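# Summary of the model geometry
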Amino acid sequence: MMMQAEDARYLKRKVKGGSIDVHPTEKALVVNYELEATILGEMGDPMLGERKECQKIIRVKNLHENSDLTALAREIIDKCKLIHPAKLPEVEQLLYYLQNRKEATASKASHGKTQLSDKPEDPGIDATEVDEVANINDVDEYLEMLYEDLPDKIKGSALLLQLARNPDNLEELFQNETVVSALVRLLREDWKRSTDMATNIIYIFFCFSSFSQFHGVILHFKIGALCMTIIDHELRKQKMWLEELQKKKKASEADKNSSKLREDYEKSLNKYQGLLHKQEQLLRVAFYLLLNLAEDLKVEVKMRNKGIVRMLVQTVDRDNFELLILVVSFLKKLSIFIENKKEMADLNIIEKVTKLVPCDHEDLLHITLRLLLNLSFDPDLRSKMIKYGLLPKLVGLLTNENHRLIVLCILYHISMDDKAKSMFTYTDCIPMVMKMLLESPEHPDMELLALCINLAANKRTAAIICEGSGLKMLMKRAFKFHDPFVMKMVRNISQHEGETKNLFIDYISDLCTAVLNGDSDDFALECLGILGNLTIPDLDYELILKEYDLIPWIKNKLQPGVAKDDWVLEVVILVGTVCSDDACARLLADSNVIHLLIELLNAKQEDDEVVCQIIYVFYQMIFHEATREIIIKETQAPAYLIDLMHDKNAEIRKVCDNTLDMIAEFDEEWAKRIQLEKFRWHNSQWLEMVETRQAEDFSDGYMYPDDSLDPYLHDADILDRPDLFYAPASSSSETMQDQAQTTTGSAKDGYDQGLMLDGHLTPEYIDDGGLYNGHRDYYGRQGYLEEDYDYEPYVRPEGHLGFVQEGHHMDRYSRAVGMGGYGIYPSDEEESAYGMR
């Protein structure tokens, strides 16, 4: 049977004191007590009873090493009626424990690994504590105080705050719409009148915000937007206070004999510090409320649009550890979005955060490093970390176990930039990470390995790594644990020219053995990469190939489909390395390796890296007389190089050009074919440009508005006028008709009429090697027929950039004058080179 409201006449409360303990993280005592509430009927009989286990937290933040514990314990008992006076010795003993726990925690944090908190502590406020113990049954009385004068409003809000700090009371307070509405109205109207009152009310809503089910009401009353308004106002007010204080300081320094000015400044400084303390309490609860509301991404976006990032970055300049932990935590949460990160960068976040690294507060340092880790994904911000001197500070934190892993991650990100790698040489980072790596167990942290691999990619840092017996220790560890990551680090060291490369001669036997015994092993692949990097002039490659019987192994790996792509690439690199030796090049050529490379070139033509390395092998073999003839006479390698001469990859084009230049120097026939292909490429680009421009200009309909121009430009195909292509340059005074007459003479004047078909010179004339077998071409060269050699003309690319650039002069027929490069009409020197003169 449910009790009706009108049946209740009396309420009986009974408080029973319980045990006292210390707070696990704060400097506070926790008083446990039992609250029993009984509702009596009209006749005094109990109708409904309820019992709750409650706690009261008594913060003693003024506790320090010189505190009088007896006096402090007596003061706590006098103010807290829940503690019986007989418990004075117990309270004193707990205070003694708290007094010593601070030193033990600090000592442990500085030497060993401690449990760090990723979440800021709940804000504890002393300024608005009242002596009275709040009761949930007296809510109506506290509500009436909110309508009284300012002191009563402050007291009423403080008592409601006491209730709100107990999660058991939140639901009941939430159901009382009158109380919630009154608090919202009071905060909205009177927050400027009292910092204490504003702090109390925002703290109440912060208690609600700790639970997601209350967020809807908080958002409905727009408490978040109001908090941002209050924060912005407080930040501006603090700036004004500081400016005023600076003026008084300058005045007192200017007139050092004036005691009045000095006293005025000291008085203002004390007042400023008191106001700042209260303000920071307000900022802390307000930011914490916003942080809880920011669980909803849509709400976070609204905060960002209202300037929350700017407010947080401005607050980083404060010295309050508790406030800074909260602010930096909020910034870390926001930093995962690129828009927020860019805004932080514009506000110079790195410079502001640098002062916090290192700091005495372990939790603050931990959360600051996590913020820096998020920011370190941006290359510009990594550069600023170096600029503001964070690198040596971070290296100094490697000895702290609490932060070592995060610091390694940040250092790894910094080491990704080539310019930053050399900066590590000015710190103790390399000896420290080497010590950590060599002393680590079988499987080191991946962050440590990644940093070491990046550092080994720089020549200066690699030299420091190899100092003493560094390389020897790394090789010993790599072979002991068969660790591919350590071997990758060693491989990076092996790529640098100089003395470090010679250190690897002692390990060639071990490397070759590992390669031959681990065909599908990542460790063996790294060993193969090291062998490919050993370009040492004095090394006897022929002896290595013969002693370890590597040629059959190489031939097997080069067979299409036998090995994985990464193995094939490393084998080709190794072939290119050993081909620098004349005897090795001959051995490989005699073993049919060149034909295998050509087959591989066909199979891997889409893999630019493999193609480039194969071409480099051909380039190396051209240098040796023993293999030059094989490459040129017995293989189709030059034809493949001609096909790749205009590849999209710039590195492939570069190696091709160098190799073809060497071939042209030693073989006259191939030199002619290479020249012909280059001219075809020039000419094809020129014709394509003319066709493209003609189509575009005619589509516009106004390219030639002048009717005085020759009508063929309007009505005929421009390619049907060979006199435009092969006429000698005319003076500016010649007319187009005069030039046409000049160009219809003998072959020496431009072209031979005997070769004209129906009065036209078609583009096919240029694209073919020659018109007729046994005839000389237009330029006096022996004509080629396609059956004379098995060669397919280079296929023009699907598209290319225009080659008539801005700034170049054009003649009257839209031809580029004085240009170099592809797609232009040949200059006098080029005509001579191609046999045109």
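Residues numbered from 1 in each chain as written. Predicted model: local features only at pLDDT ≥ 70, side-chain atom pairs only at ≥ 80, totals over all residues. Heavy atoms only, no water.

## Quick look at the overall build of the protein
When helices and strands are counted, the protein shows 43 helices and five strands. In the protein, which comprises 837 residues, the share counted as buried stands at 47%. (Helix = DSSP H or I, 4+ residues; strand = E, 2+ residues; numbered from the N terminus. Buried < 20%, exposed > 50% of the residue type's maximum accessible area, 1.4 Å probe, protein only.)

## Comments concerning helix α27 (residues 508-517)
The set of residues buried in α27 consists of Ile 508, Leu 511, Cys 512, Ala 514 and Val 515. Looking straight down α27, one finds that the buried residues subtend no more than 160° of arc, so they occupy a single side. On the buried face of α27, the contacting elements are α24 (470-481), α28 (522-533), α29 (541-547) and α30 (550-558). (Arc of directions from axis to C-beta. Contact = heavy atoms within 4.5 Å.)

## A word on unusual backbone geometry
A negative phi angle is the norm for most residues apart from glycine, just as the trans form is the norm for most peptide bonds. The amide bond that connects Val 357 to the next residue, Pro 358, takes the cis arrangement and shows omega of -10°. Considering the arrangement of structural elements, one finds Pro 358 in the loop between α15 (349-354) and α16 (362-375). Positive phi values are uncommon outside glycine, yet Lys 222 reaches one of about 55°. With respect to the helices and strands, the residue Lys 222 is situated in the loop between α8 (215-220) and α9 (223-254). We classify Lys 222 as exposed; its relative accessible area is 57%. Even without being a glycine, His 482 presents a positive backbone phi close to 55°. Summarising the element assignment, His 482 is placed in the loop between α24 and α25 (484-494).

## Here we look at the packing of helix α34 (residues 608-622) against helix α35 (residues 625-633)
The interhelical angle for the contact between α34 and α35, taken along N-to-C directions, is 125°, at an axis separation of 7 Å. Taken together, the axes of α34 and α35 lie oblique to each other. Of the residues in α35, those touching α34 at Phe 618, Met 621 and Ile 622 are Thr 627, Arg 628, Ile 631 and Ile 632. A breakdown of the residues in the contact of α34 with α35 according to their chemical character gives five nonpolar, one polar and one charged. (Axes fitted to C-alpha atoms, helices over the stretch in contact; angles between N-to-C directions. Parallel < 35°, antiparallel > 145°, perpendicular 65-115°, else oblique. Nonpolar A, V, L, I, M, F, W, Y, C, P; charged D, E, K, R; others polar.)

## A few points about the packing of aromatic side chains
On inspection of all chains with the given rule, the structure shows twelve aromatic pairs. Judged by centre distance (5.7 Å) and plane angle (55°), the ring pair of Tyr 203 and Phe 206 falls under tilted. With Tyr 203 and Phe 206 both in helix α7 (residues 195-209) and three residues apart, the pair spans about one turn of that helix. With respect to burial, Tyr 203 and Phe 206 carry one shared label: buried. The rings of Phe 174, Phe 205, Phe 208, Phe 211 and Phe 214 are connected pair by pair, giving a single aromatic cluster. Over the face of the ring belonging to Trp 567 we find Lys 557, whose NZ or CZ atom lies 5.1 Å from the ring centre. The ring of Phe 666 has Arg 628 sitting right over it, with the charged end atom 3.7 Å from the ring centre. (Phe/Tyr/Trp six-rings, centres within 6.5 Å; stacked < 30°, edge-to-face > 60°. Lys NZ or Arg CZ within 6 Å of the ring centre and 35° of its normal.)

## Details of the packing of α7 against helix α10 (residues 259-293)
The geometry of α7 relative to α10 is characterised by a closest axis approach of 9 Å and an angle of 25° between their N-to-C directions. With respect to α10, the element α7 is oriented roughly parallel. When the axes of α7 and α10 are compared, the crossing they make is left-handed. Note on element contacts: α10 touches α7 through Lys 278, Gln 281, Leu 282, Val 285, Ala 286, Tyr 288, Leu 289, Asn 292 and Leu 293, opposite Thr 195, Asp 196, Ala 198, Thr 199, Ile 202, Tyr 203, Phe 205, Phe 206 and Ser 209. Looking at the contact of α7 with α10, its residues break down into eleven nonpolar, five polar and two charged. (Left-handed = near helix turned anticlockwise from the far one by under 90°.)

## A closer look at the side chain of Gln 279
Relative to the helices and strands, Gln 279 is located in helix α10. Only 2.8 Å separates the side chain of Gln 279 from the backbone oxygen of Glu 234, close enough to count as a polar contact. Residues contacting Gln 279, with those up to four places away along its chain left out, are Glu 234, Lys 237, Gln 238, Trp 241 and Arg 318. (Polar contact = N/O pair within 3.5 Å; in protein donor to acceptor, adjacent residues only side chain to side chain.)

## Things to note about the nonpolar core
Judged by nonpolar contacts, the single largest core of 200 residues is most densely connected at Leu 160, Phe 205, Phe 287, Ile 308, Leu 369 and Leu 411. Those residues in contact with Leu 411 that sit more than four places away from it in its chain are Leu 391, Leu 394, Val 395, Leu 398, Phe 424, Cys 429 and Leu 451. Grouped together as the second largest cluster of nonpolar side chains are 23 residues, Leu 29, Val 31, Ile 83 and Leu 95 included. (Core = buried A, V, L, I, M, F, W, Y, C linked by side-chain atoms within 4.5 Å.)

## Focus: a negative patch on the surface
On the surface, Asp 140, Glu 141, Glu 144, Glu 148, Asp 149 and Asp 152 cluster together into a patch of negative charge. At three residues, helix α3 (residues 139-145) tops the list of elements feeding residues into the negative patch. Mapped onto the fold, Asp 140 is located in helix α3. (Patch = residues over 30% accessible without salt bridge, like charges linked within 9 Å, V, L, I, M, F, W, Y side chains within 5 Å. Areas by Shrake-Rupley, 256 points an atom, 1.4 Å probe, with all protein chains shown as cover. Salt bridge = Lys/Arg side-chain N within 4 Å of Asp/Glu carboxyl O. Lys, Arg positive; Asp, Glu negative; His and termini not counted. Charge placed at Lys NZ, Arg CZ, Asp CG, Glu CD.)

## Thoughts on the environment of Lys 87
Turning to its location among the elements, Lys 87 is positioned in the loop between α1 (69-79) and α2 (88-111). C-alpha of Lys 87 to C-alpha of Ser 19: the two residues are 68 residues apart in sequence and 9.8 Å apart in space.

## Some thoughts on the confidence of the model for the protein
With 76% of its residues at a pLDDT of at least 70, the protein reaches an overall mean of 79. Per-residue pLDDT stays below 50 along residues 102-112; that stretch engages in eight contacts with residues further than four places along the chain or on separate chains. (pLDDT = per-residue confidence, 0-100.)

## Topic: helix α14 (residues 338-346)
Every buried residue of α14 is accounted for by Asn 340, Lys 341, Glu 343, Met 344 and Ala 345. Close packing links the buried residues of α14 with α11 (297-305), α12 (308-315), α13 (321-334), α15, α16 and α17 (379-387). Within two residues after α14, Asn 348 carries a phi angle of roughly 60°, on the positive side.

## Remarks on the side chain of Asn 400
Tracing the backbone shows Asn 400 in the loop between α18 (390-396) and α19 (404-415). At 2.9 Å, the side chain of Asn 400 forms a polar contact with the backbone nitrogen of Asn 402.

## With respect to a positive patch on the surface
Residues Arg 188, Lys 222, Lys 298, Lys 302 and Lys 306 make up a contiguous surface patch of positive charge. Structurally, Lys 302 is set in helix α11.

## A few points about the pattern of salt bridges
Pairing between side chains becomes possible if they bear opposite charge and their charged atoms approach one another. The tally for this structure, following the rule as stated, stands at 25 salt bridges. In this structure, Glu 542 engages Lys 546 in a salt bridge whose closest nitrogen and oxygen atoms are separated by 2.9 Å. Of this pair, Glu 542 and Lys 546 both sit in helix α29, separated by four residues, roughly a single helical turn. The exposure class of Lys 546 is exposed, given its relative accessible area of 52%. Overlapping salt bridges bring together Lys 488, Arg 491, Glu 526 and Glu 570 as one network.

## Some details on the environment of Ile 204
Here Ile 204 lies in helix α7. Its relative accessible area of 2% is what places Ile 204 among the buried residues. A C-alpha to C-alpha distance of 9.7 Å links Ile 204 and Val 180, two positions 24 residues apart in sequence. Aside from chain neighbours lying at most four places away, what touches Ile 204 is Ser 157, Leu 160, Leu 161, Ala 164 and Leu 183.

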